[in-house]
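# Commentary on secondary and tertiary structure
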Amino acid sequence: MDLKNTTTLPLREELEGPFLVFAKRPFDKQTFDIIMIVFRVFLMGFTSLFGVISNIVNIIVFYHQGYLSHSSIVNLTALAVSDFLTCIFSVWTSLCAVFTSFLDTSMWSWDVYEIQLATASRPYNTASQITCWNTVFLAFERAISVTFPFKAKSLFTPKHSVAIMIFIFVAMIFINIPSLFQLKIVTAVDPVKNRTYLEVGFVDFISPYLRLIYFYTSPVTLRFLSVILVIVFNLIIFWKVYLSQKFREATTGFRKGAQNQNQQKRDQNDLVSSENNKITHSEKSTTKEMRLVRMISFISALFVICYIPSVVHVIIGYIVYRVNYDYHHYVDAVMFSCLSFLQLLCASTNIFIYYNMSTRFREEFLMIFRKSKH
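Residues numbered from 1 in each chain as written. Predicted model: local features only at pLDDT ≥ 70, side-chain atom pairs only at ≥ 80, totals over all residues. Heavy atoms only, no water.

### Some points on the overall build of the chain
- Each helix and strand in the chain was counted, giving 12 helices and two strands.
- Classification of the 374 residues of the chain by burial places 40% in the buried group.
- Of the roughly 21,900 Å² that the chain leaves accessible, carbon and sulfur atoms contribute 68%. (Helix = DSSP H or I, 4+ residues; strand = E, 2+ residues; numbered from the N terminus. Buried < 20%, exposed > 50% of the residue type's maximum accessible area, 1.4 Å probe, protein only. Areas by Shrake-Rupley, 256 points an atom, 1.4 Å probe, with all protein chains shown as cover.)

The following block contains the structure:
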């Protein structure tokens, strides 16, 4: 179906209650164009460029750390790859916005906006879904690790994590294939300027089964589910960490008393030293694990903060579906730009979390930076 030829719905003056506020266009086209230029060209453009660079840095650092040395590094590397893809498709979206905003595309042989929908928006949604489910697996792995620490070591090996990450990438790409059946490149005619150009036509699914599959596996459904799962897994992590801290506080006094008694026995100095070394090693291992848990919790929190508004936006969109098309087109475009900007922030700023919360990442990053200067 050609969206340009869709009949605009009349103003819904018969709507009652809060729906009355949706009957009028919120701002004129000039204001709308300025808002879109600010978001699509400047905010999203520069953020996506920074995201491309920062995620390349993340991938290089994780590679130097030994991306197959630990399951969490495998998962973080996969997250950096999906974030990189999200940002690179957003760069193409911003370039198309530059074309339509600052160049005369009226005589071009293709409609920039609609071609961008097919070549940038759909791949962007796929990469964004991969990021969502990579984050879900990160939170799930940490939840299992703090709940069943001994079983988790055999369950989440680097090879298992690689297989799961590949499965997530392939599954999300496969799930989005049905949406490609909706796209069709067609030739349109502009009688005013006497020219023909290419645009994207949207057709209904050939099979009702494809429509059903796409409904239950749409970006909206999977994104909503991923946000809920990340919240649930992090609540499990917080609860288990809280219980372990309580247990540690209860046993600290007993351990210190035992250490004092051992130190008073001069004939058992070697045994005391050996026991203290074991305790120190255990404490270091626990501290390292807690740092990893806190870092992944921050990544999950950033993900929830940046993605939950898009879920709320879609739910509200379904509620006010009967709204005037003119209004819906203007507001939805602005809201989508705001929400895409939030998602780009999530995909671009993980490097700051890694640098500030991971000593190993920071040391490797500084080492690579020093080498590049020489």
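From this point, things continue past the structure.
### Points about helix 3 (residues 112–147)
- With 36 residues, helix 3 extends 51 Å from end C-alpha to end C-alpha; this agrees with the ideal 52 Å at 1.5 Å per step.
- Of all the bends in helix 3, the largest measures some 35° and sits at A118.
- Burial analysis of helix 3 places 32 of its 36 residues in the buried class, which makes it a mostly covered element. (Expected span 1.5 Å × (residues − 1). Bend = angle between axes of the 7 residues up to and from the residue.)

### A closer look at the environment of V189
- Tracing the backbone shows V189 in strand 1 (residues 183–190).
- Among the residues examined, V189 registers a relative accessible area of 60% and is labelled exposed.
- In this structure, V189 is in contact with R195, T196 and Y197, ignoring residues within four places of it in sequence. (Contact = heavy atoms within 4.5 Å.)

### As for the packing of aromatic side chains
- Under the defined criterion, the tally for this structure stands at 15 aromatic pairs.
- Centroid distance F62 to F361: 5.6 Å. Interplanar angle 55°. Geometry classified as tilted. Of this pair, F62 sits in helix 1 (residues 29–65) while F361 is found in helix 12 (residues 359–373), placing the two residues 299 residues apart along the sequence. Taken individually, F62 and F361 each receive the classification buried, so the pair is uniform in this respect. (Phe/Tyr/Trp six-rings, centres within 6.5 Å; stacked < 30°, edge-to-face > 60°.)

### Details of helix 5 (residues 158–175)
- With 18 residues, helix 5 should reach 26 Å at 1.5 Å per residue; the first-to-last C-alpha distance of 26 Å fits that figure.
- Of the residues making up helix 5, those classed as buried are S161, M165, I168, F169, A171, M172 and I175.

### Some points on a nonpolar patch on the surface
- A cluster of nonpolar side chains, F42, F46, L49, F102 and L103, forms an exposed patch at the surface whose accessible area comes to about 530 Å².
- No other element matches helix 1, which puts three residues into the nonpolar patch.
- Structurally, F42 can be placed in helix 1. (Patch = residues over 30% accessible without salt bridge, like charges linked within 9 Å, V, L, I, M, F, W, Y side chains within 5 Å. Salt bridge = Lys/Arg side-chain N within 4 Å of Asp/Glu carboxyl O.)

### Focus: the nonpolar core
- Grouped together as the largest cluster of nonpolar side chains are 48 residues, with contacts concentrated most on M172, F303 and Y354.
- Looking at this core, the elements that each hand over two or more residues are helix 1, helix 2 (71–102), helix 3, helix 5, helix 8 (219–264), helix 9 (269–319) and helix 11 (350–357).
- With 12 residues, helix 9 is the single largest residue contributor to this core.
- With sequence-adjacent residues up to four places away left out, F303 is seen in contact with C132, T135, S226, V227, V230 and C346. (Core = buried A, V, L, I, M, F, W, Y, C linked by side-chain atoms within 4.5 Å.)

### Some thoughts on the environment of A188
- With respect to the helices, strands and loops of the structure, A188 is situated in strand 1.
- In this structure A188 comes out as buried when scored by relative accessible area, which is 10%.
- Through-space distance from the C-alpha of A188 to that of W110 is 9.3 Å; in sequence the pair is 78 residues apart.

### Section: the environment of C338
- With respect to the element layout, C338 can be found in helix 10 (residues 325–348).
- Judged by its relative accessible area of 24%, C338 falls in the partly exposed class.
- A C-alpha to C-alpha distance of 9.6 Å links C338 and P309, two positions 29 residues apart in sequence.

### So, the side chain of S161
- As for its placement among the helices and strands, S161 is situated in helix 5.
- Dropping the residues within four chain positions of it, S161 is found in contact with S71, V74, N75, F137 and E141.

### Re the packing of helix 2 against helix 3
- Contact geometry of helix 2 with helix 3 gives a least axis separation of 9 Å together with a crossing angle of 160°. Between helix 2 and helix 3, the angle falls in the class roughly antiparallel. Handedness of the helix 2/helix 3 crossing: left-handed.
- Each residue belonging to the contact of helix 2 with helix 3 can be placed in one class, and the counts come to 17 nonpolar, 14 polar and three charged. (Axes fitted to C-alpha atoms, helices over the stretch in contact; angles between N-to-C directions. Parallel < 35°, antiparallel > 145°, perpendicular 65-115°, else oblique. Left-handed = near helix turned anticlockwise from the far one by under 90°. Nonpolar A, V, L, I, M, F, W, Y, C, P; charged D, E, K, R; others polar.)

### Section: the side chain of R40
- Counting through the fold element by element, R40 comes out in helix 1.
- At a separation of 3.0 Å, a polar atom in the side chain of R40 contacts the side chain of S337. (Polar contact = N/O pair within 3.5 Å; in protein donor to acceptor, adjacent residues only side chain to side chain.)

### A word on the confidence of the model for the chain
- On average, residues of the chain carry a pLDDT of 76, and 69% of them reach 70 or more.
- No element of the chain has a lower mean pLDDT than helix 7 (residues 208–216), which averages 59, and none a higher one than helix 11, which averages 93.
- Across residues 1–23, where pLDDT falls below 50, the model places 33 contacts with residues more than four positions away in sequence or in other chains.
- Counting contacts from residues 322–326, a segment whose pLDDT is below 50, to residues more than four positions away or on other chains yields 14 contacts. (pLDDT = per-residue confidence, 0-100.)

### Describing the packing of helix 3 against helix 5
- For the pair helix 3 and helix 5, interaxial distance at closest approach is 9 Å and the crossing angle is 150°. Taken together, the axis directions place helix 3 and helix 5 in an arrangement best described as roughly antiparallel. Helix 5 is crossed by helix 3, and the crossing has right-handed handedness. Taking contact as the criterion, the partners of T126, Q129, I130, W133, N134, F137 and E141 in helix 3 are, on helix 5, S161, I164, M165, I168, F169, M172 and I173.
- Taken together, the residues of the contact of helix 3 with helix 5 break down into nine nonpolar, four polar and one charged.

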